[in-house]
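The residues making up each chain are set out below.
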Amino acid sequence: MSHSQTHGEAHDAAHGDDAHSHTSTDDRLVYMANQIATFFGSQKHDAAVAGTRDHIAKFWDPRMRARIAELLVSGGEGLKPIAREALEGLARKQ
Amino acid sequence: MSLVHEIDYGTPASKSEKLVTLTIDGMKVQVPEGTSIMRAAMEVGNQIPKLCATDMLDAFGSCRLCLIEIEGRNGTPASCTTPVAEGIVVKTQTERLKQIRRGVMELYISDHPLDCLTCSANGDCELQDMAGVVGLREVRYGYEGENHIKMGKDESNPYFTYEKSKCIVCNRCVRACEEVQGTFALTISGRGFGSRVSPGMDEEFLSSECVSCGACVQACPTATLNEKAMYDIGTPEHSLVTTCAYCGVGCTFKAEMRGDELVRMVPYKDGKANRGHSCVKGRFAYGYATHKDRILKPMIRSSIHEPWKEVSYEEAIAYAASEFKRIQEKYGRRAVGGITSSRCTNEETYLVQKLIRGAFGNNNVDTCARVCHSPTGYGLSQTYGTSAGTQDFDSVEESDVILVIGANPTDGHPVFGSRMKKRLREGAKLIVIDPRKIDLVRTPHVQADYHLPLRPGTNVAMVTAIAHVIVTEGLVHEDFVRDYCDWDEFQEWAEFVAEERHSPEAIQQYTGVDPALVRGAARLYAKGGNGAIYYGLGVTEHSQGSTTVIGIANLAMATGNIGRNGVGVNPLRGQNNVQGSCDMGSFPHELPGYRHVAEDDTRVLFERDWGVKLDDEPGLRIPNMFDAAVDGTFKGMYVQGEDILQSDPDTRHVSAGLGALECLVVQDLFLNETANYAHVFLPGCSFLEKDGTFTNAERRIQRVRKLMAPKNGYADWEVTIMLAEALGYKMDYQHPSEIMDEIARLTPTFTGVSYAKLEEAGSVQWPCNEKAPEGTPVMHIGGFVRGKGKFMLTEYVPTDERTGPRFPLLLTTGRILSQYNVGAQTRRTENVAWHPEDVLEIHPHDAETRGIRDGDYVRLDSRAGSTSLKAVISERMPTGVVYTTFHHPVTQANVITTDYSDWATNCPEYKVTAVQISPSNGPSPWQENYEAFSRQSRRIAEAAE
Ligand code: SF4
Ligand code: SF4
Ligand code: SF4
Ligand code: FES
């Protein structure tokens, strides 16, 4: 049985309204990393970086971590400094 | 089996520790001081006749049936209102007493319709019983005189009738509504002979203030207030005690049956969460279990555009298993996952996560707690070391100051709300932090001392400002902090909150709240005696949800309000078993008992027991699953008992994710909204049809008992076992008790839990183990679970969801008393009488400037989507803020909500969405398209014969 037909069909079926543009998963990952960095950002610098790094290591599934590592390699646009530093540390650890 | 019978002691138990000895009918009795003579007599099995007394209510002393004689005292005092005294000698049965009682009964009976044989309460009527008890054999007054026999019936309430002619004006219903429920809906209208009970100003029950909790029905000694089911079915003949499947209060009920038909649910007085009370949902709204929409046969289809095809369990399970295997082969082990249900039992939830970890071989498991209390888990485990509330519900009876933030207990957790109101009527002080003027702010005989109506999304600023006042005004409980918390972390925190930018004056620009109120509230909480914080989804469902939970935990530590009765941090959990589903390892990073999947020791423990290798990487959380599905890396899902399409935010994104799946298996009672996207449907089983346990908001584990055979053939746990086995992973359990034994074996906080223990104790609160064999009602006594309590900094960061010229109003969402969550159950009961549709509450000023009148259809737009619904103009709303519920799929409030979420847990920001409102004359195009799609998707092919 062919399964390609099921891909996205419901989405189209239920959409007739003017399309709403969601941010992509990449945008979301950067946004989430920055949110985490913002919380830990009120702590001392080293603690902030470590806190952000541990949080991402503990809660993000491997594909999310792999994807943000790729984004980092290609410049990591939009990442706040603490998030960036934390992710660099995470990449080294893995 | 017979009926579970609970003794009625006539008056409530006294809490005094001092004992008094007296003699009743020649027997020595020792009881606590303050006990009534009636209760003392019952303690030795001596039942004094009574009509107006019952032990759920304070004594009233009106019927004069319970008279007694006391040696050396004149007269015949009422035993219900007379307290015991040292050394007195009481007689409950003498010639004089017999005569008086007969006389009293004769008067009652002469004005009572004598249709006992056909009365719905025949065999269940205290008037009938008392006539027998006092030996009434003739009535001299005749029935011809003036009487009430021809009065009508009020049948407006869908669940109970009020038959005025049968009323004996004992006042029990009026007192139940006041003392137990706290609604004050009933009064005695008229005087003397003409007096009768009436809801409000001689209204009908349905249109009155009555919230249909049923307390008056339970209290009524006659058939005057009686369940309609008693008319329809007859009196019950056997019963079992079970737990409500609606909310996190976890009320227990005697489920009273006739044959395999449920006649009524009677709140269980021994229930330690509800203490004999209930709300309209648990008490009456169980009809969904036999609703015609319920699906009883498994179904499959290869495309969601095809109609469903009914098949056998074997075929459905085999198809689902082969699809999951195919997907994993093609896209990888981590391309499938599942969702456990906070409505199902602990045992079922445990099995679903075990299936995902053991048979799928990954950690892609999550639960609806993601979208409600995941920040509670994170915040409290960081600061205190446990992912749960600190108190039991009884604790509120010792609170002096109650701080309610982002919760609406009278609607969301009604039975606990009633218990809280009772304490407030006794004089406890109340602080409410909420944008809306929720009922608690002002309700009969309760008024908040402080209401801080903050702008949605500014909780962190508010909580930090309260901390600022506590620190800068020297209100910190320093001894507590030094003894139990990390002092360095405390100092860093104290310095942080003391900064001027956190003062109530400075944060007014965000919260909009008068700084004097904030200061007053902070002083009251810190210095008003036992201070208890209760919070709900108004705290967690924000982009800074976890930060607010941490801020709340900081407040309790700084003021020493933790580790004893009357204080604490109390999350009011939403669904019946949301605490349990979290405990059972439903989160993608944690095995049962909140242990991270990367911890080698824990994993090895489970690997040995389960006989499989476990993944050491965290899995996807619900919103991440939708992202991965849209990206094409997540293709198959097993969803048990959750309607993620309707309940999760940003419906369009969810529908895109679900629509991208190649195999979606939904197990539910009904073809819910999520099932519109499913390929396999496995019929679910209601809580009336299975054994198991639920864990309520107080960490209390309680039994769910099977009253009838599963209408769909199998309990949910049995279906999960079939699916696991079809995937090649053997699960061997004959009964849910064996699953609990496994949980106890593998989870340190559960080692003392077993069905035998629950049978013996009724219920138990975890941790229950060698250190606490009887469980733990109050946590963190004499030190925190994590060691030293951890103060953490809580910087306020405004959400990125902002109002602006296009979207100038803030929408916040919630629920109401009569409906529950996505409404799948309550919409299929008579509860729709109170809430037939979702409406938008809007302040008169905001309505007027938009030309909107009460009852108009309005269009609601946000950056995520639009919907339309009816507007209700309400002074409860502050200007600039509108409110709606999400109980009905036609409204789809979550088309509006955005994908912003909590920084730590991805819990969605349901409570803040920037919107605009405009007049409209019908459903939005999304609503129309969705309606058409869902009609098409729900088709079931005619069985080919
Ligand atoms: S059902 Fe509850 S709220 Fe209604 S009148 Fe009776 S006690 Fe009061
Ligand atoms: S309705 Fe029932 S409880 Fe209320 S006064 Fe009449 S008999 Fe008593
Ligand atoms: S308060 Fe909650 S648990 Fe109790 S009856 Fe109502 S819905 Fe059920
Ligand atoms: S039961 Fe005591 S006066 Fe009615």
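For clarity, every value in this text was computed on a predicted model and none was experimentally measured.

Calculation rules
Residues numbered from 1 in each chain as written. Chains lettered and ligands numbered in written order. Predicted model: local features only at pLDDT ≥ 70, side-chain atom pairs only at ≥ 80, totals over all residues. Heavy atoms only, no water. Near = heavy atom within 4 Å. Nonpolar A, V, L, I, M, F, W, Y, C, P; charged D, E, K, R; others polar. Pairing = 2+ DSSP bridges. Helix = DSSP H or I, 4+ residues; strand = E, 2+ residues; numbered from the N terminus. Axes fitted to C-alpha atoms, helices over the stretch in contact; angles between N-to-C directions. Contact = heavy atoms within 4.5 Å. Buried < 20%, exposed > 50% of the residue type's maximum accessible area, 1.4 Å probe, protein only. Polar contact = N/O pair within 3.5 Å; in protein donor to acceptor, adjacent residues only side chain to side chain. Salt bridge = Lys/Arg side-chain N within 4 Å of Asp/Glu carboxyl O. Buried area = accessible area lost by both parts, 1.4 Å probe. UniProt positions renumbered as here; feature names shortened; annotations may be inferred. Parallel < 35°, antiparallel > 145°, perpendicular 65-115°, else oblique. Left-handed = near helix turned anticlockwise from the far one by under 90°. Phe/Tyr/Trp six-rings, centres within 6.5 Å; stacked < 30°, edge-to-face > 60°. Lys, Arg positive; Asp, Glu negative; His and termini not counted.

Undergrad: Sorry if this is basic, but what is going on with the site of ligand 2 here?
TA: Every one of the 13 residues lining ligand 2 counts as a neighbour, but B:Cys167, B:Cys170, B:Asn171, B:Cys173 and B:Cys220 are closest to it. The class makeup of the residues in the shell around ligand 2 is 9 nonpolar, 3 polar and 1 charged.

Undergrad: Even after reading the chapter, I still don't get the sheet that holds strand β30 (residues 700–704) of chain B, so can you show me in this structure?
TA: In sheet architecture, strand pairing relies on hydrogen bonds along the backbone and comes in two forms, parallel and antiparallel. Residues and elements named next belong to chain B. Spatially, 3 strands are ordered β29-β30-β31 in an open sheet, and the strand pairing comes out antiparallel. Pairing within the sheet leaves two strands with one partner each, and these edge strands are β29 (692–695) and β31 (763–765). Direction aside, the axes of adjacent strands within the sheet are offset by 30° on average. Taken together, the 3 bridges between β30 and β31 define a ladder with antiparallel strand orientation. Bridge pairing links glutamine 702 to serine 763 in β31. This element, helix α9 (residues 346–360), spans β29 and β30 of the sheet and lies at about 90° to β29.

Undergrad: Would you take a moment to explain the pairing of strand β6 (residues 160–163) of chain B for this structure?
TA: Remember that side chains alternate between the two faces of the sheet whenever the strand is regular. Residues and elements named next belong to chain B. Side chains Phe160 and Tyr162 project from β6 onto one buried face, and the interleaved Thr161 and Glu163 project onto a second face that is buried too. In this structure, strand β5 (residues 153–154) lies alongside β6, joined through 2 bridges in antiparallel fashion. Residue aspartate 154 lies in a different strand from β6, and its bridge partner there is tyrosine 162. The hairpin turn running from β5 into β6, its antiparallel successor, is 5 residues long. Here 3 bridges tie β6 to strand β9 (residues 225–227), and the two strands are oriented antiparallel to one another. Across the sheet, residue tyrosine 162 finds its bridge partner in β9, namely leucine 225.

Undergrad: What am I meant to see in the environment of B:Ser212 here?
TA: All names here are of chain B. Among the structural elements, serine 212 can be located in the loop between β8 (196–199) and α5 (215–219). Between the C-alpha atoms of serine 212 and cysteine 279, which are 67 residues apart in sequence, the distance is 7.1 Å. With residues near it in sequence (within four places) discarded, serine 212 still touches Asn157, Tyr159, Phe160, Cys279, Val280, Phe284 and Trp834. A distance of 3.1 Å separates the side chain of serine 212 from the side chain of asparagine 157, its partner in a polar contact.

Undergrad: What should I look at first to understand the pattern of salt bridges in this one?
TA: Opposite charge on two side chains permits pairing when their charged atoms draw close. All names here are of chain B. On inspection of all chains with the given rule, the structure shows 65 salt bridges over all chains. Of the charged contacts, one joins glutamate 310 and lysine 297 as a salt bridge, the two residues approaching to 4.0 Å between their closest N and O atoms. Residue glutamate 310 is located in strand β14 (residues 309–310), and its partner lysine 297 is located in the loop between α7 (280–284) and β13 (299–300); the two are separated by 13 residues in the primary sequence. The shortest N-O distance in the salt bridge between lysine 790 and glutamate 489 comes to 3.0 Å. Taken together, the residues lysine 790 in the loop between β31 and β32 (809–814) and glutamate 489 in helix α15 (residues 487–498) connect sequence positions 301 residues apart. When salt bridges with common partners are traced through the structure, they connect Lys15, Arg275, Asp394, Glu397 and Arg419 into a single cluster.

Undergrad: Would you mind going over the interface of chain B and chain A with me for this structure?
TA: Between chain B and chain A, the residue contacts involve 59 residues of the former and 41 residues of the latter. Among the residues chain B hides against chain A, the three largest losses belong to B:Arg652, B:Leu793 and B:Trp903. Together they make up 15% of the total. Remark: the boundary between chain B and chain A carries 3 salt bridges. Among the ionic pairs, A:Arg65 bridges to B:Glu617, the shortest N-O distance being 2.9 Å. Here chain B is connected to chain A by 9 residue pairs in polar contact (both at pLDDT 80 or more). Listed by contribution, the elements that provide at least two residues to the side of chain B that touches chain A are α8 (313–331), α19 (545–558), α22 (622–631), α24 (651–659) and α29 (925–937) of chain B. Its residues assigned to classes, the side of chain B that touches chain A shows 23 nonpolar, 19 polar and 17 charged.

Undergrad: How should I be thinking about the UniProt feature "domain: 4Fe-4S His(Cys)3-ligated-type" (unreviewed entry) in chain B in this particular structure?
TA: Mapped onto this numbering, the UniProt entry annotates "domain: 4Fe-4S His(Cys)3-ligated-type" (unreviewed entry) at residues 96–135 of chain B. Counting secondary structure, residues 96–135 of chain B comes out at 57% helix and 0% strand; the distance between its end C-alpha atoms is 14 Å.

Undergrad: How do you make sense of the environment of B:Val90 when you look at a structure like this?
TA: Residues and elements named next belong to chain B. Mapped onto the elements, valine 90 comes out in strand β4 (residues 89–91). Along the backbone, valine 90 and valine 895 are 805 residues apart, and their C-alpha atoms lie at a distance of 69 Å. Ignoring anything within four residues of it in the chain, the contact list for valine 90 reads Leu22, Thr23, Ile24, Asp25, Ile37, Ile68, Glu69 and Ile70.

Undergrad: Please clarify how the site of ligand 3 should be interpreted in this entry.
TA: Residues and elements named next belong to chain B. Close to ligand 3 lie Cys244, Tyr246, Cys247, Val249, Gly250, Cys251, Phe253, Cys279, Lys281, Gly282, Pro414 and Val415. Within the residue set of the shell around ligand 3, elements represented by two or more residues are α7 and α12 (414–425). Residue composition of the shell around ligand 3, grouped by class: 9 nonpolar, 2 polar and 1 charged.

Undergrad: Whenever I open this one, the packing of helix α13 (residues 459–472) of chain B against helix α17 (residues 515–527) of chain B confuses me. Can you help?
TA: Residues and elements named next belong to chain B. Two numbers describe how α13 lies on α17: the axes approach to 9 Å, and their chain directions differ by 65°. Between α13 and α17, the interaxial angle falls into the category roughly perpendicular. Judged by the sense of rotation from one axis to the other, the crossing of α13 with α17 is right-handed. Contacts between α13 and α17 involve Met462, Ala465, Ile466, His468, Val469 and Ile470 from the former and Val518, Arg519, Ala522, Tyr525 and Ala526 from the latter. Residue composition of the contact of α13 with α17, by class: 9 nonpolar, 1 polar and 1 charged.

Undergrad: Teacher, can you tell me more about the sheet that holds strand β18 (residues 429–433) of chain B here?
TA: Residues and elements named next belong to chain B. The strand order across the open sheet formed by 5 strands is β21-β18-β17-β22-β23, and the pairing between neighbours is parallel. Either end of the sheet is taken by a strand with one partner, and the two such strands are β21 (450–452) and β23 (568–571). Taking each pair of neighbouring strands and ignoring which way they run, the sheet shows an average axis angle of 15°. As judged from the 4 bridges shared by strand β22 (residues 531–535) and β23, these two strands associate in the parallel manner.

Undergrad: What is the right way to read the packing of aromatic side chains from this model?
TA: A ring pair, where both rings are aromatic, is described by two values, the distance of the centres and the angle of the planes. All names here are of chain B. Within this structure, the stated rule accounts for 27 aromatic pairs over all chains. With centroids separated by 6.1 Å and ring planes inclined at 70°, the aromatic side chains of tyrosine 246 and tyrosine 288 adopt a geometry described as edge-to-face. A residue pair is termed long-range when its members are at least 10 positions apart, and tyrosine 246 in the loop between β10 (238–243) and β11 (252–258) and tyrosine 288 in the loop between α7 and β13 qualify at 42 residues. You'll find tyrosine 246 and tyrosine 288 in the same group, each marked buried. Ring centres 6.1 Å apart and planes at 85° place the aromatic pair tyrosine 350 and tryptophan 610 in the edge-to-face group. With a gap of 260 residues between them, tyrosine 350 in helix α9 and tryptophan 610 in helix α21 (residues 600–610) connect regions that are remote in the sequence. An identical accessibility class is assigned to tyrosine 350 and tryptophan 610; each is buried.

Undergrad: I tried to follow the side chain of B:Asp154 on my own but got confused; where do I start?
TA: Residue and element names in this part refer to chain B. Relative to the helices and strands, aspartate 154 resides in strand β5. The side chain of aspartate 154 is buried and forms no salt bridge, while lysine 164, the nearest opposite charge, is found at 6.6 Å. Within polar-contact distance, the side chain of aspartate 154 engages the backbone nitrogen of phenylalanine 205 at 2.9 Å.

Undergrad: Help me understand unusual backbone geometry in this model?
TA: When glycine is set aside, most residues are seen to have a negative phi, and most peptide bonds are trans. Residues and elements named next belong to chain B. In this model, tryptophan 766 is joined to proline 767 through a cis peptide bond whose omega is -5°. With a phi close to 60°, serine 212 is a non-glycine residue in the positive phi region. On the accessibility criterion, serine 212 (1% relative accessible area) is buried. In this structure, arginine 275 is a non-glycine residue whose phi angle is positive, near 50°. Here arginine 275 falls in the partly exposed class, since its relative accessible area comes to 33%.

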